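A closer look at the structure
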Amino acid sequence: MNRIDEKFAELKRQGRTALIPYITMGDPNPDVSLSLLRELELAGADIVELGVPYSDPLADGPVIQRASERALKHKITIMDCIRIAKQAREHNVNLPFILFTYYNPVLQLGLERFFELLVEHDISGVIIPDLPFEENGPVKALSDRYNIHLIPLVAPTSDDRIAKITATASGFIYCVSSLGVTGMRSDFFSGIDEFLASVRRSTDLPIAIGFGISTSEQFAHFSKTCDGVVIGSAIVRKIEEATPLLMNDSSRSDGLVQVREFVRQLRG
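Summary of the structure given here.

**Topic: the overall build of the protein**
- When you go through the protein residue by residue, the secondary structure sums to 12 helices and nine strands.
- C-alpha atoms of the protein, sized along the principal axes, occupy 55 × 40 × 35 Å.
- Sequence-distant contacts in the protein: of pairs separated by 6 or more residues, those separated by 24 or more amount to 73%.
- Counting every atom, the protein has about 11,300 Å² of accessible surface; 50% of that belongs to carbon and sulfur.
- Of the side chains in the protein, 28 bear a positive and 35 a negative charge, and the two mean positions are spaced by 3 Å.

This is the structure we're talking about:
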């Protein structure tokens, strides 16, 4: 299995920060999603978040909401997203995968079957943004049993919950850079550095930051204090812009190159 923890250990030895793109699976269609995973690896991504499209995405801003709408037109399910990960392995994509999904699709599959599928399809981590830490006991028990990282979100408002959340975490800690939903931002709240420092003090795990990061300058800034940087909306918007090219067989390669080069320049 291509594992998140092993990738972070490798990057630490190299003195590098993980570039962690997020894409919505099935956007603009499943075949393009498979191709995009190959392009992300070519662009220098280290780990990829596979976003499961959802009709009521509480944590997602307008860019990712539109991506979910486009994907759902193809009737993309959580099983389709998991299968695309397996297909990517068959096409020699070796990036560690994290499934980013809301809790309802997991329940629909069945908790134990869900974790069995993650193992079978070489997905080593999962993020469930609408599952509170205080209610994650059954999911956490299964994630430990199947050796799948249940990656927690820690927000600036977590305060005294930070130590409790990080105490049982695995893989890495996902630090939410801003209040509210995902989306590109030019500024972050004034206490961001103190927040990251408090998370760092609470854990020996790697910490990654996401929600709103969209430029190479922001990647460079947070690389000084974080082990990983998640970039979602900016990449999803680039895919949206390239969709006319991506949906045409004769121009798809041009669209893929546009996305690849956009992701490549994010590392600076």
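**Digging into the packing of aromatic side chains**
- Inspection of the entire model under this criterion finds seven aromatic pairs.
- On the numbers, 5.0 Å between centres and 20° between planes, the contact of Tyr-54 with Tyr-102 is stacked. One end of the pair, Tyr-54, is in the loop between strand E2 (48-51) and helix H3 (62-72); the other, Tyr-102, is in the loop between strand E3 (97-100) and helix H5 (103-109), and 48 residues separate them in sequence.
- The exposure class of Tyr-102 is buried, given its relative accessible area of 2%.
- Their ring planes at 90° and their centres at 5.9 Å tell us that Tyr-174 and Phe-211 sit as a pair that is edge-to-face. Of the two residues, Tyr-174 is situated in strand E7 (residues 173-176) and Phe-211 in the loop between strand E8 (207-210) and helix H10 (216-223); the sequence distance between them amounts to 37 residues. Here Tyr-174 matches Phe-211 in class, with each residue buried.

**Here we look at the sheet that holds E8**
- One open sheet accounts for nine strands, arranged E5-E4-E3-E2-E1-E9-E8-E7-E6; its pairing is parallel. Two strands lie at the open edges of the sheet, namely strand E5 (149-150) and strand E6 (153-154), each paired on one side alone.
- Looking at chain direction, E7 and E8 are connected through four bridges and run parallel. If you follow Tyr-174 over to E8, its bridge partner there is Ala-208.

**Looking at helix H6 (residues 111-120)**
- Every buried residue of H6 is listed here: Leu-111, Phe-114, Phe-115, Leu-117 and Leu-118. End-on, the buried residues of H6 take up no more than an arc of 155°, which puts them together on one face.
- Positive phi shows up at Asp-122, right after H6, with a value of about 60°.

**Let's talk about the pairing of strand E1 (residues 18-24)**
- By the criterion of burial, E1 is predominantly enclosed, with seven of the seven residues buried.
- Pairing of E1 with strand E9 (residues 228-231) involves four bridges; the strand directions are parallel. Looking at the pairing, Ala-18 lines up with Gly-228 of E9.
- With three bridges joining them, E1 and E2 adopt parallel strand pairing. Bridge pairing in E2 places Thr-24 opposite Gly-51.
- A crossover connection joins E1 to the parallel E2 through helix H2 (residues 30-42); in handedness this β-α-β unit is right-handed.

**A closer look at the environment of Pro-152**
- For Pro-152, the location among the structural elements is in the loop between E5 and E6.
- For Pro-152, a relative accessible area of 14% gives the class buried.
- Along the chain, Pro-152 and Glu-69 lie 83 residues apart, while their C-alpha atoms are 26 Å from each other.

What counts and what doesn't
- Residues numbered from 1 in each chain as written.
- Predicted model: local features only at pLDDT ≥ 70, side-chain atom pairs only at ≥ 80, totals over all residues.
- Heavy atoms only, no water.
- Helix = DSSP H or I, 4+ residues; strand = E, 2+ residues; numbered from the N terminus.
- Contact = heavy atoms within 4.5 Å.
- Areas by Shrake-Rupley, 256 points an atom, 1.4 Å probe, with all protein chains shown as cover.
- Lys, Arg positive; Asp, Glu negative; His and termini not counted.
- Charge placed at Lys NZ, Arg CZ, Asp CG, Glu CD.
- Phe/Tyr/Trp six-rings, centres within 6.5 Å; stacked < 30°, edge-to-face > 60°.
- Buried < 20%, exposed > 50% of the residue type's maximum accessible area, 1.4 Å probe, protein only.
- Pairing = 2+ DSSP bridges.
- Arc of directions from axis to C-beta.
- Right-handed = clockwise from strand over helix to strand, strands pointing away.

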